[in-house]
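# Structural overview
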Amino acid sequence: MPDLKKKCKQRLEQDPGFTMVEVLVAMAILTVIMAGMLSFLFGTSRNWQSSQDTAEAIDNARIGLNRMTRELKQSSGIITAQPDTVTFEADFGSGTETITYRFEPGEGSEPGKIWRESSVADGDSILVGQVESVQFDYYGSDYRCDTNGDGVVTLAELNNCGGSAESKIARVDITLHLSAGDDVREFVGQAWCRNCAGVSDDDSSGGDDSSGDGDSDNGSHHSDDGSSGGDDSSGDGSS
Ligand SMILES: [Ca+2]
């Protein structure tokens, strides 16, 4: 028994364990490593969420733009034509509805949104969020109003062409800038108002969904299906 005691004492003397300083240094190193790993994990998670949000915003913008162009194509007449607001009438099968697309700017650095306001009860809704800006451009198809002879009948020319300019609008171009993550992406759409007063079948021949739509003389760079933009190439045939 005294032999065992002696052996234990000897072992303790040979292996004195860790000093307090060594323990503190080890703990400090461990803390730094853990902090680095947590930071990496949180960063990855944040980036993933951010790219999910961006993808969702882009999808919503495409859907919203498609809806605007589709409904404007079915319009029976433009009522008010402002750069960031358009009001028109359309009948989607349940009577004439008055629809307004209106841009509401955001506050401070917050992006804005596009509202779809309807004469149908409880018909107002946000059509597209995360919007930096939207612009509606209006064109006519009565070339007698093309005073400068450039083949494009602008709203300014329609205003000087007698009567109501709105009633002569045949086409609405939409340019939407979306705040997508750190980027601003542009989406463009175009809608020929086939049923508008003063638009004959011949006038709206450019409004079909085929590419190469015959509006190469309009100087604009828009596609006809309302879905190009963002990261799409603009192969819209209107060079
Ligand atoms: Ca012109």
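### Some remarks on the overall build of the protein
- Scanning the protein for helices and strands turns up three helices and nine strands.
- For the protein, the α and β elements follow one another from N to C terminus as α-α-β-β-β-β-β-β-α-β-β-β.
- Each of the 239 residues in the protein was classed as buried or not, and the buried ones make up 28%.
- For the protein, the share of sequence-separated contacts (at least 6 apart) that also reach a separation of at least 24 residues comes to 50%.

### Digging into the pairing of strand S7 (residues 169-180)
- The element S7 is largely enclosed, with a buried count of nine among its twelve residues.
- The pairing of strand S5 (residues 125-140) with S7 spans nine bridges and is antiparallel. Across the sheet, residue tyrosine 138 finds its bridge partner in S7, namely valine 172.
- In this structure, S7 lies alongside strand S8 (residues 183-192), joined through ten bridges in antiparallel fashion. If you follow arginine 171 over to S8, its bridge partner there is tryptophan 192.
- Once S7 ends, the chain turns through two residues before running back antiparallel as S8, passing glycine 181 with a positive phi of about 65°.

### Let's talk about the environment of phenylalanine 187
- Following the sequence through the fold, phenylalanine 187 ends up in strand S8.
- Along the chain, phenylalanine 187 and threonine 175 lie twelve residues apart, while their C-alpha atoms are 5.9 Å from each other.

### Brief notes about the nonpolar core
- With 36 residues, the main nonpolar core has Ala61, Ile169, Val172, Ile174, Leu176, Leu178 and Cys193 as its most contacted residues.
- Where this core is concerned, the elements lending two or more residues are helix H2 (20-73), strand S2 (85-91), strand S3 (96-104), S5, S7 and S8.

### Things to note about unusual backbone geometry
- The phi dihedral of glutamine 130 falls on the positive side, at around 60°, and the residue is not glycine.
- Along the chain, glutamine 130 falls in strand S5.

### A few points about the confidence of the model for the protein
- Scored by pLDDT, the protein comes out at a mean of 82, with 80% of its residues at no less than 70.
- Every residue in residues 204-239 scores below 50 in pLDDT, and together they form 63 contacts with partners more than four places removed in sequence or on other chains.

### Some words on H2
- Taking 1.5 Å per residue as the helical rise, H2 with its 54 residues ought to reach 80 Å, and the 79 Å between its terminal C-alpha atoms agrees with that figure.
- Buried residues of H2: Ala57, Ile58, Ala61, Arg62, Gly64, Leu65, Met68, Thr69, Leu72 and Lys73, and no others.

Criteria and thresholds
Residues numbered from 1 in each chain as written. Predicted model: local features only at pLDDT ≥ 70, side-chain atom pairs only at ≥ 80, totals over all residues. Helix = DSSP H or I, 4+ residues; strand = E, 2+ residues; numbered from the N terminus. Buried ≥ 20, exposed ≤ 12 C-beta atoms within 10 Å, placed from the backbone. Contact = placed C-beta atoms within 7 Å. Pairing = 2+ DSSP bridges. Core = buried A, V, L, I, M, F, W, Y, C linked by C-beta atoms within 7 Å. pLDDT = per-residue confidence, 0-100. Expected span 1.5 Å × (residues − 1).

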